[in-house]
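# Overview (structure and organization)
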Amino acid sequence: MKINLLIIPFLALFLSGCDNKANNDANVTKAASAQSQSASLEAPFELTLMDESKLKLQKFSDGFKVEGNDEAILFNFFATWCPPCKAEIPHLNNLNDKFKGKLKIVSVLMEDKTKDEIDAFMKKFNINFNVSYGENNFLFAKALGGVVGIPYMVLYKPNGEYAAHYVGLVPEEMLESDINKVIN
């Protein structure tokens, strides 16, 4: 009985998402800065990936088109301090390997970290998929209507049309099933 009482709070924390309100002041400042930008959310904008390549996005009524992309795409909003975000990394690695050439995974960092800090995090957790960083991540979150908790994922079809979204830690099998529907 005592073990059950200890497990319940742990599972509640682990299976739920992290509240974005736990972000520090720097993140709030970055989000406010992105929101105050004069650029229209309808205009094309870029996400910067860790390899310094750019992911060019164009919002349209049913989703986002990524320039030069013909794969389904899964955007994963995360933070390095978030336990469920860290727990889902092995599952995202597996999905990235399984659907190579059919699915692009892009983790969108929702905090202000240096490139060296992000690189160290990626090495520590053996991340094998793309990670974007920078102020435009907050603009992208706003363009989606806001990200209220993390982890938060959005799946798009190869044509950029919205397919599904997920809040909190999601079983790998559920993601795999939805990805199969989108790519077939």
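A brief structural summary. All values reported here derive from a predicted model rather than from experimental measurement. (Residues numbered from 1 in each chain as written. Predicted model: local features only at pLDDT ≥ 70, side-chain atom pairs only at ≥ 80, totals over all residues. Heavy atoms only, no water.)

## Overview of the packing of helix α3 (residues 83–98) against helix α6 (residues 172–183)
Cut-off, in case you're wondering: For helices, the axis comes from a line fit to the C-alpha atoms of the stretch in contact; other axes are also lines fit to C-alpha atoms, and the angle between any two N-to-C directions lies between 0 and 180 degrees. The helix count covers DSSP runs of H or I at least four residues long, the strand count covers runs of E at least two residues long, and both are numbered beginning at the N terminus. Here roughly perpendicular refers to angles of 65 to 115 degrees, roughly parallel to angles under 35, roughly antiparallel to angles over 145, and oblique to all remaining angles. Crossing chirality is assigned from the near helix's rotation relative to the far helix, an anticlockwise turn below a right angle marking it left-handed and a clockwise turn marking it right-handed. Residue contacts are defined here by distance: any two heavy atoms, one from each residue, within 4.5 Å place the two residues in contact. Think of it as three bins: nonpolar holds Ala, Val, Leu, Ile, Met, Phe, Trp, Tyr, Cys and Pro, charged holds Asp, Glu, Lys and Arg, and polar takes everything else, Gly as well.
Orientation of α3 relative to α6, taken along the N-to-C sense of each, is 30°, at an axis distance of 10 Å. Taken together, α3 and α6 sit at an angle that is classed as roughly parallel. The way α3 lies across α6 gives a crossing that is right-handed. Where α3 abuts α6, its residues H91, N94, L95 and K98 lie against E172, L175, E176 and I179. Per-class residue counts for the contact of α3 with α6 are three nonpolar, two polar and three charged.

## Digging into the pairing of strand β7 (residues 130–133)
Put simply, the test is: Strand pairing is defined by DSSP finding a minimum of two bridges between the two strands.
In terms of strand pairing, strand β2 (residues 45–49) meets β7 through two bridges, oriented antiparallel. In the strand pairing of β7, T48 is matched with Y133. Alignment of strand β6 (residues 103–109) against β7, held across three bridges, turns out to be parallel. Looking at the pairing, S107 lines up with V131 of β7.

## Quick word on the side chain of S107
Definition in use: Exposed residues in this analysis have more than 50% of their type's maximum accessible area, buried residues have under 20%, and partly exposed residues fall in between, with area computed by a 1.4 Å probe over protein chains only.
Examined against the element boundaries, S107 turns out to sit in strand β6. Exposure remark for S107: the relative accessible area of 2% places this residue in the buried category. Among all residues touching S107, those that are not within four sequence positions of it are N76, F78, L92, F129, N130, V131 and S132.

The analysis is restricted to geometry; functional conclusions fall outside its scope.
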